[in-house]
Amino acid sequence: TSSRLIDDPDLGRLEVRTLPLPDTFLRPWGTYTATGTVLVWYVKADDPDDPDWMNLAVVDDDGGNVREIFSGSAPLRPRHNGMRLLPYADGKRVLMSDYILEAEPSLDACEKATLVPLQYPDLVENDPMVMHRWSEPIIAPDNEHICWTTLHAGLGAYNVLGRLRRTENSYVVDDPQLVSTAEWLREDPEQPGYLLPGVIRGGEVKQFACGGAAISLAGTAGRALVDSVLQDLDGPGVRALTLTPGYDETTILSPDESLGIVMTTRFSPATSCAVVGLLPRPYAGVSTAGIAMAAYWYGIGGARKFGAGNIGPALVDLAKATTDRSYLGANLSDPAGEWIYFSPMSWHPDSRRAAWNEGVWGTEDQRRIRLVTALDRAAG
């Protein structure tokens, strides 16, 4: 199972291991569910010749008690951004890109699983300038609210919050509203020709937090490159979850919000682009926006394709990560550098176990699900 022990001065002993799965589960990737089981997507050698075919199973996080719950074709509509696995807090449903999977009576005791189409609002579905209806969707802990990032040829990216409603044959989104900044700069009314910077609310959405009153994003808290940030939905607040100068895209907070697992280039000196983040630039969140995508293709896309560097993840104590610029947390990446991080990251409900996915760089067929347990922490 390729396990190792990390002794971290702040987090204690951390056990990192691979989730054992049947040999018939090819190219697996997965995520923790609300009950602490692992939902696994995989292919099998005898699957039909259908590029949209998928298999789903639920397993305990020691690899035991394997329950195959779904096999079938799940074609995505044009302008999608791949398949996603986002289990609901109710333990019965999964947000899966253009579908919501309903399991009866639950995921863990599934006797019947049904894919129900999800229709996004007309403006998102039918605007010819939309490149991807969503780059990431997320589901709230109330099992009702959805938020997603739409990629638009003219506007870049914008975030929409709405309320899901089940119809007879589909889910639809009611009351969609913009929850990101439409303009980063505005004209100074007292000095014509001068611009005033605003608070930048936006970036690719990653997770609902604070009981649903906030969302974590790959955005900016005023520095260069990309920060992981927390944006309030019940107020104007935006605050950084990461302070390192390199490229930090995603922080997934533990259920008790004491720990975070971070997709990051911080442990990859050759590809972190941290030198850009250290350059003193006024209004860096605006002035370096064009560099962020280059840093992504170099530090993330390049590492996955060519193996020059790693993407973490890091396990962090959030109290230190949000206050100490020199704090890096524990490096969970493959020490040999052969395996590279892939999304998603997720947490067990006890707040001491997290999961992420890895693949061998440059290949499509070698995948594994990695788990970390903070052995010295009490359950949240």
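Described in the following lines is the structure provided in the data block. (Residues numbered from 1 in each chain as written. Predicted model: local features only at pLDDT ≥ 70, side-chain atom pairs only at ≥ 80, totals over all residues. Heavy atoms only, no water.)

## So, the sheet that holds strand 20 (residues 238-240)
Taken together, four strands build an open sheet; the order of strands is 17-18-19-20 and the sheet is antiparallel. At either end of the open sheet lies a strand with only one pairing partner, and these are strand 17 (204-209) and strand 20. Between one strand axis and the next, the sheet turns by 30 degrees as a mean value, whatever way the strands run. Here five bridges tie strand 17 to strand 18 (residues 214-219), and the two strands are oriented antiparallel to one another. Residue Phe-208 lies in a different strand from strand 18, and its bridge partner there is Ile-215. (Pairing = 2+ DSSP bridges. Helix = DSSP H or I, 4+ residues; strand = E, 2+ residues; numbered from the N terminus. Axes fitted to C-alpha atoms, helices over the stretch in contact; angles between N-to-C directions.)

## Some points on helix 4 (residues 289-306)
The periodicity of an α-helix, 3.6 residues per turn, causes residues three or four places apart in sequence to face the same way. When the terminal C-alpha atoms of helix 4 are compared, their 25 Å separation across 18 residues agrees well with the 26 Å that a helix rising 1.5 Å per residue should span. Remark: the principal bend of helix 4, roughly 30 degrees, maps to Trp-297. The complete set of buried residues in helix 4 reads Ala-292, Ala-295, Gly-299, Ile-300, Gly-301, Gly-302, Ala-303 and Arg-304. In the core, the buried residues of helix 4 are packed alongside strand 22 (259-264) and strand 25 (339-347). (Expected span 1.5 Å × (residues − 1). Bend = angle between axes of the 7 residues up to and from the residue. Buried < 20%, exposed > 50% of the residue type's maximum accessible area, 1.4 Å probe, protein only. Contact = heavy atoms within 4.5 Å.)

## Focus: the sheet that holds strand 6 (residues 67-73)
Strand pairing in a sheet relies on backbone hydrogen bonds. The paired strands run either parallel or antiparallel. Taken together, the four strands give an open sheet; going across it, the order is 3-4-5-6, and neighbouring strands pair in antiparallel fashion. One side of each edge strand has no neighbouring strand; the edge strands of this open sheet are strand 3 (26-32) and strand 6. Each strand axis lies, on average, 20 degrees off the axis of its neighbour in the sheet, ignoring direction. Bridging between strand 3 and strand 4 (residues 38-43) involves five bridges; their strand directions are antiparallel. When the sheet's bridge partners are listed, Leu-26 is paired in strand 4 with Val-43.

## What about the nonpolar core?
Leu-14, Ile-261, Leu-315, Leu-332 and Trp-356 are the most contacted members of the largest nonpolar core, which has 44 residues in total. By size, the runner-up hydrophobic cluster in this structure holds 22 residues, among which are Trp-29, Val-58, Met-96 and Tyr-99. (Core = buried A, V, L, I, M, F, W, Y, C linked by side-chain atoms within 4.5 Å.)

## Re the environment of Tyr-194
For Tyr-194, the location among the structural elements is in the loop between strand 15 (185-187) and strand 16 (195-197). Residue Tyr-194 is classed as exposed on the basis of its relative accessible area of 51%. Once you skip the residues sitting within four places of it in the chain, Tyr-194 turns out to touch Arg-186, Glu-187 and Asp-188.

## Quick look at the side chain of Asp-98
Here Asp-98 lies in the loop between strand 8 (93-96) and strand 9 (99-104). Engagement of the side chain of Asp-98 in a polar contact is seen with the side chain of Trp-134, the distance being 3.3 Å. Other than its neighbours up to four places away in sequence, Asp-98 contacts Leu-76, Arg-77, His-80, Val-116, Pro-117, Leu-118, Tyr-120, Arg-133 and Trp-134. (Polar contact = N/O pair within 3.5 Å; in protein donor to acceptor, adjacent residues only side chain to side chain.)

## Looking at the packing of aromatic side chains
In total, this model carries five aromatic pairs according to the counting rule given. Look at Tyr-247 and Tyr-296: their rings are 6.2 Å apart centre to centre, the planes differ by 55 degrees, and that puts the pair in the tilted class. Highlighted residues: Tyr-247 in the loop between strand 20 and strand 21 (248-253) and Tyr-296 in helix 4, separated in sequence by 49 residues. Overall, the relative accessible area of 6% leaves Tyr-247 in the buried class. Pairwise contacts between aromatic rings join Tyr-247, Tyr-296 and Trp-297 into one cluster. The aromatic ring of Phe-342 is capped on one face by Arg-304, whose charged end is 4.5 Å from the ring centroid. (Phe/Tyr/Trp six-rings, centres within 6.5 Å; stacked < 30°, edge-to-face > 60°. Lys NZ or Arg CZ within 6 Å of the ring centre and 35° of its normal.)

## Points about the state of the cysteines
Scanning the entire structure with this criterion turns up zero disulfides. Free cysteine: Cys-210, not disulfide-bonded; nearest cysteine sulfur from Cys-147 at 14 Å. (Disulfide = S-S within 2.5 Å.)

## Points about the side chain of Arg-370
Within the fold, Arg-370 resides in strand 27 (residues 367-374). What makes Arg-370 buried here is its relative accessible area of 2%. Within the structure, Arg-370 has its side chain in polar contact with the side chain of Thr-18 (distance 2.7 Å).

## Quick notes on a nonpolar patch on the surface
There is a patch of nonpolar side chains on the surface, built from Trp-184, Leu-185 and Leu-195 and spanning about 280 Å² of accessible area. Among the structural elements, Leu-195 can be located in strand 16. (Patch = residues over 30% accessible without salt bridge, like charges linked within 9 Å, V, L, I, M, F, W, Y side chains within 5 Å. Areas by Shrake-Rupley, 256 points an atom, 1.4 Å probe, with all protein chains shown as cover. Salt bridge = Lys/Arg side-chain N within 4 Å of Asp/Glu carboxyl O.)

## Thoughts on the pairing of strand 27
Consecutive side chains along a regular strand alternate between the two faces of the sheet. In terms of residue burial, strand 27 counts as a mostly covered element, since seven of its eight residues are buried. Here strand 26 (residues 353-360) runs beside strand 27; their pairing, made up of seven bridges, is antiparallel. Bridging across to strand 27, Arg-353 finds its partner in Thr-373.

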